[in-house]
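One letter stands for each residue in the lines below.
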Amino acid sequence: MDYSLKVMDHFSNPRNMGSIENSDGVGEVGNPACGDIMKIYLKVEDNRISDIKFQTFGCGAAIASSSMATEMIKGKTLEEAWKLSNKAVAEALDGLPPIKMHCSMLAEEAIHEAINDYLKKKGLEPWDD
Amino acid sequence: MIIHNCEGESVTIENKVIYMDNSATTPVKREVVEEMIPYMTENFGNPSSIYEIGKISKHAVDKARKKVADALGAEENEIYFTSGGTESDNWAIKGIAFANRNKGKHIITSSIEHHAVLHTCAWLEGQGFEVTYLPVDKYGMVSPEELKKAIRDDTILISIMLANNEIGTIQPVEEIGKIAKENRIYFHTDAVQAIGHVPIDVKKMNIDLLSLSGHKFEGPKGCGSLYIRKGTKIDVLLHGGAQERKRRAGTENVPAIVGLGKAIELATAEIEESNKTLLELRERLIKGLLKIPKAHLNGHPTQRLANNVNVTFEYIEGESLLLLLNAKGIFASTGSACNSSSLEPSHVLTACGVPHEIVHGSLRLSLGKMNSEKDVGRVLEVLPEIVQRLRNMSPLTPKEYRTI
Ligand SMILES: Cc1ncc(COP(=O)(O)O)c(C=O)c1O
Ligand code: FES
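Rules and cut-offs
Here, residues in each chain are numbered from 1, in the same order as that chain's written sequence. Think of it this way: whatever chain is written first is A, whatever ligand is written first is 1, and the rest follow in order. For a predicted model such as this one, the threshold for reporting local features is a pLDDT of at least 70, and the threshold for listing and counting side-chain atom pairs is 80 or more; totals across whole chains, interfaces and linings nevertheless cover every residue. Hydrogen atoms and water are omitted, and side-chain values are computed over all heavy atoms in the structure. Elements are defined by DSSP. Helices are runs of H or I of four residues or more, strands are runs of E of two residues or more, and each kind is numbered from the N terminus. The globule rule used for comparison is 2.2 Å times the number of residues to the exponent 0.38, while the radius of gyration itself is calculated over C-alpha atoms. Each residue's exposure class comes from its accessible area (1.4 Å probe, protein chains only) as a fraction of the maximum for that residue type: buried when under 20%, exposed when over 50%, partly exposed otherwise. Contacts: residue pairs with any heavy atoms within 4.5 Å of one another. Per-residue accessibility takes into account occlusion by the displayed protein chains alone, with areas from the Shrake-Rupley method and a 1.4 Å probe. Working convention for charge: Lys and Arg count positive, Asp and Glu count negative, and His plus the chain ends are omitted. Charged side chains are reduced to one point each, which is NZ for Lys, CZ for Arg, CG for Asp and CD for Glu. When DSSP finds two or more bridges between a pair of strands, those strands are recorded as paired. Crossover handedness is defined here as right-handed if the route from the first strand over the helix to the second strand goes clockwise, with the strands pointing away from the viewer. Proximity is defined per residue: if any heavy atom of the residue lies within 4 Å of a molecule or strand, that residue is considered near it. Nitrogen and oxygen atoms within 3.5 Å of one another constitute a polar contact, given that in protein one can donate a hydrogen and the other can accept it, and given that sequence-neighbouring residues count only through two side-chain atoms. Gly counts as polar in this scheme, as do all residues outside two lists: the nonpolar Ala, Val, Leu, Ile, Met, Phe, Trp, Tyr, Cys and Pro, and the charged Asp, Glu, Lys and Arg. The term buried area refers to how much accessible surface (probe radius 1.4 Å) is lost by two components on association, counted for both of them together. Salt bridges are counted wherever a side-chain nitrogen of Lys or Arg sits within 4 Å of a carboxyl oxygen of Asp or Glu. The residues that make up patches have over 30% relative accessible area and no salt bridge, and they are joined within 9 Å when like-charged or within 5 Å when they are Val, Leu, Ile, Met, Phe, Trp or Tyr. Centres within 6.5 Å are what make two rings of Phe, Tyr or Trp a pair, Trp counting through its six-membered ring; a difference in plane orientation under 30 degrees is then read as stacked, over 60 as edge-to-face, and the rest as tilted. Comment: the charge-over-ring label is applied if NZ (Lys) or CZ (Arg) is within 6 Å of the ring centre and within 35 degrees of the ring normal.

## Observations regarding the overall build of chain A
Thought 1: A count of helical and extended segments in chain A gives five helices and three strands.
Thought 2: Overall, chain A shows an N-to-C arrangement of helices and strands of α-β-β-β-α-α-α-α.
Thought 3: Expected size for 129 residues packed as a compact globule is a radius of gyration near 14 Å; at 14 Å, chain A falls within 12% of this value.
Thought 4: Across its three principal axes, chain A shows a C-alpha extent of roughly 45 × 25 × 25 Å.
Thought 5: Expressed as a percentage of the 129 residues in chain A, the buried residues total 53%.
Thought 6: Taking the intrachain contacts of chain A between residues at least 6 apart in sequence as the baseline, contacts between residues at least 24 apart amount to 60%.
Thought 7: As presented, chain A carries roughly 5,700 Å² of accessible surface, and 47% of it is formed by carbon and sulfur atoms.
Thought 8: Considering chain A, the positive charge centre built from 14 side chains and the negative charge centre built from 21 side chains are found 3 Å apart.

## Notes on the pairing of strand 7 (residues 155–159) of chain B
All names here are of chain B.
Thought 1: The buried count for strand 7 comes to five of five residues, which makes it a mostly enclosed element.
Thought 2: Across four bridges, strand 5 (residues 106–110) lies against strand 7 in parallel orientation. The residue of strand 7 that forms the bridge with His106 is Thr155.
Thought 3: Bridging between strand 7 and strand 8 (residues 186–190) involves three bridges; their strand directions are parallel. The partner of Ser159 across the bridge, within strand 8, is His188.
Thought 4: Tracing the backbone out of strand 7, into helix 6 (residues 173–182) and back to the parallel element strand 8 gives a crossover that is right-handed.

## Thoughts on the environment of A:Ala62
Residues and elements named next belong to chain A.
Thought 1: Within the secondary structure, Ala62 is located in helix 2 (residues 60–73).
Thought 2: You can call Ala62 buried: its relative accessible area is 1%.
Thought 3: For the pair Ala62 and Lys100, spaced 38 residues apart in sequence, the C-alpha separation works out to 8.1 Å.
Thought 4: If near-sequence neighbours (up to four positions away) are discounted, Ala62 is found in contact with Met38, Thr56 and Cys103.

## A closer look at the site of ligand 1
Residues and elements named next belong to chain B.
Thought 1: Thr86, Asp190, Gln193, Ser213 and Lys216 are the nearest of the 13 residues found near ligand 1.
Thought 2: At 3.3 Å from an oxygen atom of ligand 1 is found a side-chain nitrogen or oxygen belonging to His114.
Thought 3: Relative to its unbound accessible surface of 390 Å², ligand 1 loses 84% to contact with the protein.
Thought 4: Of the residues forming the shell around ligand 1, the biggest block, three residues, is contributed by helix 3 (residues 85–99).
Thought 5: Of the residues contributing to the shell around ligand 1, the split by class is two nonpolar, eight polar and three charged.

## Re the environment of B:Gly241
Residue and element names in this part refer to chain B.
Thought 1: Tracing the sequence through the fold places Gly241 in the loop between strand 10 (224–228) and helix 7 (243–246).
Thought 2: For Gly241, a relative accessible area of 40% translates into the label partly exposed.
Thought 3: Each C-alpha atom of the pair Gly241 and Gly104 lies 30 Å from the other, and the pair is 137 residues apart in sequence.

## Thoughts on the interface of chain B and chain A
Thought 1: Across the boundary between the two partners, chain B contributes 27 residues, which contact 27 residues of chain A.
Thought 2: Carbon and sulfur atoms supply 68% of the area buried between chain B and chain A, which totals about 2,000 Å² over both sides.
Thought 3: A per-residue breakdown of the area chain B buries against chain A is headed by B:Leu343, B:Met393 and B:Pro395, which together make up 31% of the total.
Thought 4: In this assembly, chain B and chain A are joined by one salt bridge.

## Considerations on the side chain of B:Asp190
Residues and elements named next belong to chain B.
Thought 1: Mapped onto the fold, Asp190 is located in strand 8.
Thought 2: Buried charge Asp190 goes without a salt bridge, the closest partner of opposite sign being Lys216 at 8.8 Å.
Thought 3: Polar side-chain contacts of Asp190 include one of 3.0 Å to the backbone nitrogen of Val192.
Thought 4: Those residues in contact with Asp190 that lie beyond four places of it in its chain are Asp89, Glu113, His114, Val117, Ile160, Met161, Leu162, Ala163 and Ser211.

## A closer look at a negative patch on the surface
Residues and elements named next belong to chain A.
Thought 1: Residues Glu109, Glu113, Glu125, Asp128 and Asp129 make up a contiguous surface patch of negative charge.
Thought 2: Assignment of secondary structure puts Asp129 in the segment after helix 5 (101–121).
Thought 3: In this structure Asp129 comes out as exposed when scored by relative accessible area, which is 81%.

## Considering the packing of aromatic side chains
By convention here, two paired aromatic rings are described through the distance between centres and the angle between planes.
Thought 1: Taken as a whole and assessed by the stated rule, the structure comprises five aromatic pairs over all chains.
Thought 2: Between A:Trp82 and A:Trp127, the aromatic rings sit 5.3 Å apart at their centres with planes inclined by 75°, giving edge-to-face as the arrangement. Highlighted residues: A:Trp82 in helix 3 (residues 78–82) and A:Trp127 in the segment after helix 5, separated in sequence by 45 residues.
Thought 3: Residue A:Trp82 is classed as buried on the basis of its relative accessible area of 12%.
Thought 4: A ring pair is formed by B:Tyr80 and B:Trp91, whose centres lie 5.6 Å apart and whose planes are at 75°; its orientation type is edge-to-face. Of this pair, B:Tyr80 sits in strand 4 (residues 79–82) while B:Trp91 sits in helix 3, and the two are eleven residues apart along the sequence.
Thought 5: Residue B:Tyr80 is classed as buried on the basis of its relative accessible area, which comes to 2%.
Thought 6: Residue class for B:Trp91 comes out buried when judged on its relative accessible area of 1%.
Thought 7: Taken together, the ring pairs in this structure connect B:Phe98, B:Trp123 and B:Phe129 into an aromatic cluster.
Thought 8: One Lys or Arg, B:Lys94, reaches over the ring of B:Trp123 and ends 4.9 Å from the middle of that ring.

What follows is the structure, given as structure tokens:
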């Protein structure tokens, strides 16, 4: 697999890997293409993501995307985090092989799920994609 | 050690490289290379030419043909050289189908064949043929009883592989050959993975057509053979010149054919000895790997190739497993959907009833001549750590199998 050095770096040393015990929001999504699963845990303070962790059952691109995506939105407001696209994640990783683009979708979707889970727990309306 | 990635950058790999993907391909033996070289340099003549260097090439091809025939218990004029296992499978199946379509349009194969067989059969279905894909049991074994039940009046071909490339299961080919013969149906077997591991006698096993490929037994890539029993009604696949007794056109790949001949001679002479060593390594590897919790063996426990180990580790994905093994200099393979260009999980493991998410965590280690006891030790040393690392990362792993 032709992965960039950035992908290999995030795959080999994933940032923010793990779970958060008393998280404020959790999002779990499955990949319809190959059957993989990603789970995102959020801690939110003053509308900002103060902590974030991920767990991924998937390929190198899926793990690297989770790591990169969590790093990109840590400390950001929920609105900013919502706007993170899978393309931006792929670009930040110096690109993904075309067949692996769907793996970065998993990160975007899991973040959306986690944010909506937080909003619902707060009694707020979930956002639309 | 240092290796280069595809961008040409150097990547450091700890320790020596351990190649455990011999079912994908093998290195060409030094002695084989040496026999090949003169046929690329001074003896480069076309075997169809009548002058001296042409005759030398022709004799070399004939000599290689004899070696292949001897390895299979066949006659020289029953051996045809091809571009590899894929062409041999295509030729056998399409050739029999079209030459015998006035007799019937039904073909029987199994659900765990290589794509060279399965995709050929699927294409024939589009041409009006009907194909039965026999199921296998959890070990990947075809049942002769099921085969008997699938036979129809219009069945013209049975194609069942000798040994499977993913899980190593060895099929009851002699029994299948007997059934085919009793019912007067042609029997083709893909023996690509079996050469050098399973003794073959096409007469005793009632095999009418057999595919093999040089690069799986320390011969060159892009060269294979099809054995066609004398008197078999089969169409030509590649039309053109009069090579291979007018049945397979194209100037012979003389150096590769010479290499294949030498390689099959060496591989079949050493079967017993090499299997003894490989079996020891295989059993040690399997035993060690199954000590990892939630690890399962795929394929048959005993009726399997001496060089094949295939295990699944629950909760993890195979491509990431291969990447981490690669970083340790260990080269292996997986049936995970994420590692295939179609994003489909292994059809072989699926046919054995392994659920999709568990197919994801499959690992094939296929042993070869250059693997040692030390290599097995090293794999057993690094694999548990890697599996644990990925399990810690996976949302599927239950608490009791996590270390963080
Ligand atoms: C069982 C089986 N059949 C056919 C093939 C195709 O052989 P080749 O690579 O020579 O075309 C392979 C090789 O992967 C194989 O393992
Ligand atoms: S997660 Fe399956 S291909 Fe990336």
